[in-house]
There are 2 protein chains.
Amino acid sequence: MRIACKVAYEGTGYSGYQVQPGKRTIQAEIELALSKMHKGTFIRIASSGRTDSFVHAKGQVFHFDTNMQISEERWTKALNALLPEDIQLLATKIAPSDFHARYSAKKKQYIYRVLARKERDVFRRNQTYHVPTPLQLDLMREASQSLLGTHDFSSFCAANTSVVDKVRTIETLDIQKVDDEIHFTVEGSGFLYNMVRIIVGTLIEVGTGKRKPSEVREILEERDRTEAGKTAPGHGLYLNKVSYEEIYF
Amino acid sequence: MRIACKVAYEGTGYSGYQVQPGKRTIQAEIELALSKMHKGTFIRIASSGRTDSFVHAKGQVFHFDTNMQISEERWTKALNALLPEDIQLLATKIAPSDFHARYSAKKKQYIYRVLARKERDVFRRNQTYHVPTPLQLDLMREASQSLLGTHDFSSFCAANTSVVDKVRTIETLDIQKVDDEIHFTVEGSGFLYNMVRIIVGTLIEVGTGKRKPSEVREILEERDRTEAGKTAPGHGLYLNKVSYEEIYF
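Residues numbered from 1 in each chain as written. Chains lettered and ligands numbered in written order. Predicted model: local features only at pLDDT ≥ 70, side-chain atom pairs only at ≥ 80, totals over all residues. Heavy atoms only, no water.

For chain A, an unreviewed UniProt entry supplies the name tRNA pseudouridine synthase A and the organism Alkalihalobacillus trypoxylicola. The Sequence similarities (unreviewed entry) field of the UniProt record for chain A holds the comment "Belongs to the tRNA pseudouridine synthase TruA family." Recorded in UniProt for chain A, the comment headed Subunit (unreviewed entry) runs: "Homodimer." (UniProt positions renumbered as here; feature names shortened; annotations may be inferred.)

Below, the structure is given as structure tokens:
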């Protein structure tokens, strides 16, 4: 039986999602909890994709196969009892046998939170990226228009990637002021490595006046990572939602 | 010259406010930063009062004496540059020479945050106390009326205290629902050890129906710690504001 789970985690205490020997990772913690439930039999999980060190999730999805006959509610409860307090199972669904958390994903939504004020905030230091320089929303919004739709995003992809096809589609790039934060919401069918963080880092450089909004289209056309802005740090990024046709969380 | 500072901190990573050998404490971090500014001369600070392990502050106040001639704004900036990221100086004031952060304090305000929903929240696990049982606001408000005013709060004071006079005055005890949280705001001229946390712990027992609202008056009259409810955990508590006549933050 194939089981799909939606999970939230605070990435602060982890070396990212993916298992790495000797490091504390989200995947390893979940697999440990599942293996305990299966009386020591190792259970491998597959997620919608990795998240980096310090990156958070409010709606990461993973799947695994099991012979255990447990209701959806019981899976959620039993796993939560075994997981550390910074990882939280939000929902469990019995999935079709050909469901795959990564390959069945239709859409992903990321949110990037910037603390947009002069003073830092001790209570949000791990959950937002603090930009003390004033950010001009209208300029960032103007610049973001160039990124909407289907493009070769080579300029917005970490240089050290093995992916060949760098054409992706951004369906939504929304920038909103929420109290003293600015939230970037980015939706698309798939993302390259560090793509959201490089987009946000570049838009921030537009917002502070370091770059013109029109430069973003030029950066895109160059297909060269060195043309774009800095990669915004991981701790402002949230994998917010992964959408599927087969199951609805 | 006497200097007063308002400081915020997230208490999660600390063994409380007060210096303890071999432990990471708020006071030790601030004194270390100040001593660095004074070229190695040790500077002792005095605060409005201790806070326990995991307890946070949004408006703790301390004072110290110095020969350095620096503007208020420069003190804030220089100290923040030397403090760890979970301690943040909010403001500095040049104070009268007889000002004392503890003895000059006229009023203290604490806020206690309860996460009042079934599911936990990974992002607020260190910043709220999670109570999954439904809480009845009206019952807690009714019970809180008995605590207003001047009383002997022996029943709401940790048993292991050396303080003799346990008469204190609570001026405000406000209970508000804020989204999925319940915030207890408690104001008074002074508080006994663990007093706010025992009050909140007892009111929560009223809110879940474990105790009747009328019991709170009886508990108060007993003057016996064992009559009151459990001490609510430190990580939901915030020292929000300390008020003085001499200076205004």
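On we go.
(A) Expanded view of the interface of chain A and chain B. Contacts between chain A and chain B engage 22 residues on the former and 22 residues on the latter. Summed over both partners, the interface of chain A with chain B buries about 1700 Å², with 48% contributed by carbon and sulfur atoms. By the criterion of area lost to chain B, the three top residues of chain A are A:Arg120, A:Phe123 and A:Arg125, representing 44% of everything that side buries. Linking chain A with chain B are 6 salt bridges, by the criterion used here. The closest approach of N and O atoms between B:Glu85 and A:Arg125, which form a salt bridge, is 3.8 Å. For the pair chain A and chain B, the interface holds 14 residue pairs in polar contact (both at pLDDT 80 or more). Every element with two or more residues in the side of chain A that touches chain B is listed here: strand E1 (2–9), strand E3 (56–65) and strand E4 (87–95) of chain A. Ranked by residues supplied to the side of chain A that touches chain B, first place goes to E3(A) with 3 residues. Across the side of chain A that touches chain B, the residue classes tally to 9 nonpolar, 5 polar and 8 charged. (Contact = heavy atoms within 4.5 Å. Buried area = accessible area lost by both parts, 1.4 Å probe. Salt bridge = Lys/Arg side-chain N within 4 Å of Asp/Glu carboxyl O. Polar contact = N/O pair within 3.5 Å; in protein donor to acceptor, adjacent residues only side chain to side chain. Helix = DSSP H or I, 4+ residues; strand = E, 2+ residues; numbered from the N terminus. Nonpolar A, V, L, I, M, F, W, Y, C, P; charged D, E, K, R; others polar.)

(B) The UniProt feature "domain: Pseudouridine synthase I TruA alpha/beta" (unreviewed entry) in chain A, seen in detail. All names here are of chain A. Listed under "domain: Pseudouridine synthase I TruA alpha/beta" (unreviewed entry) in the UniProt record, and renumbered for this structure, are residues 8–104 and 143–245. Secondary structure over residues 8–104 splits into 24% helix and 24% strand, and the C-alpha atoms at its two ends are 20 Å apart. With 22% helix and 30% strand, residues 143–245 has end C-alpha atoms that lie 32 Å from one another.

(C) Up close: the relation of the copies chain A and chain B. Expressed as a screw transformation, the operator carrying chain A onto chain B has a rotation angle of 180° and an axial translation of 0.0 Å, and the superposed copies differ by an RMSD of 0.0 Å. A rotation of that kind, with that shift, is consistent with a two-fold axis. In this assembly the copies share their binding face: 100% of the residues contributing to the interface of chain A also contribute to that of chain B. (Least-squares fit on C-alpha atoms with pLDDT ≥ 70 in both.)

(D) Just the side chain of B:Thr76, in detail. With respect to the helices and strands, B:Thr76 occurs in helix H2 (residues 72–82). Contact partners of B:Thr76, with chain neighbours within four places excluded, come to B:Leu89, B:Leu90, B:Ala91 and B:Thr92.

(E) Main features of the packing of aromatic side chains. All chains considered together, the criterion is met by 14 aromatic pairs over all chains. Relative to B:Phe156, the ring of B:Phe153 lies with its centre 6.4 Å away and its plane at 70°, an arrangement referred to as edge-to-face. Judged by relative accessible area, which is 0%, B:Phe156 ranks as buried. Within the aromatic cluster, the residues linked to one another by ring pairs are A:Phe62, A:Phe64 and A:Trp75. Across the ring face of B:Tyr193, the terminal group of B:Arg50 is positioned such that the distance to the ring centre comes to 5.8 Å. (Phe/Tyr/Trp six-rings, centres within 6.5 Å; stacked < 30°, edge-to-face > 60°. Buried < 20%, exposed > 50% of the residue type's maximum accessible area, 1.4 Å probe, protein only. Lys NZ or Arg CZ within 6 Å of the ring centre and 35° of its normal.)

(F) Structural context of the domain arrangement of chain A. Residue and element names in this part refer to chain A. Domain boundaries in chain A define domain 1 (2–104) and domain 2 (107–241). Each side of the interface is counted separately: domain 1 has 14 residues, and domain 2 has 13 residues. Carbon and sulfur atoms supply 52% of the area that domain 1 and domain 2 bury against each other, a total of about 1100 Å² over both sides. Of all residues in domain 1, Asp52, His56 and Lys58 bury the most surface against domain 2, accounting for 43% of the area lost on that side. Connecting domain 1 to domain 2 are 1 salt bridge. Seen at the junction of domain 1 and domain 2, the total is 10 residue pairs in polar contact (both at pLDDT 80 or more). (Domains from an automatic or database assignment.)

(G) Just the pattern of salt bridges, in detail. Residue and element names in this part refer to chain A. On inspection of all chains with the given rule, the structure shows 36 salt bridges over all chains. Arginine 211 is the salt-bridge partner of glutamate 215, the closest N and O atoms lying 3.5 Å from each other. Taking the relative accessible area as the measure of exposure, glutamate 215 reaches 24% and is therefore partly exposed. Overall, arginine 211 belongs to the buried group, its relative accessible area being 16%.

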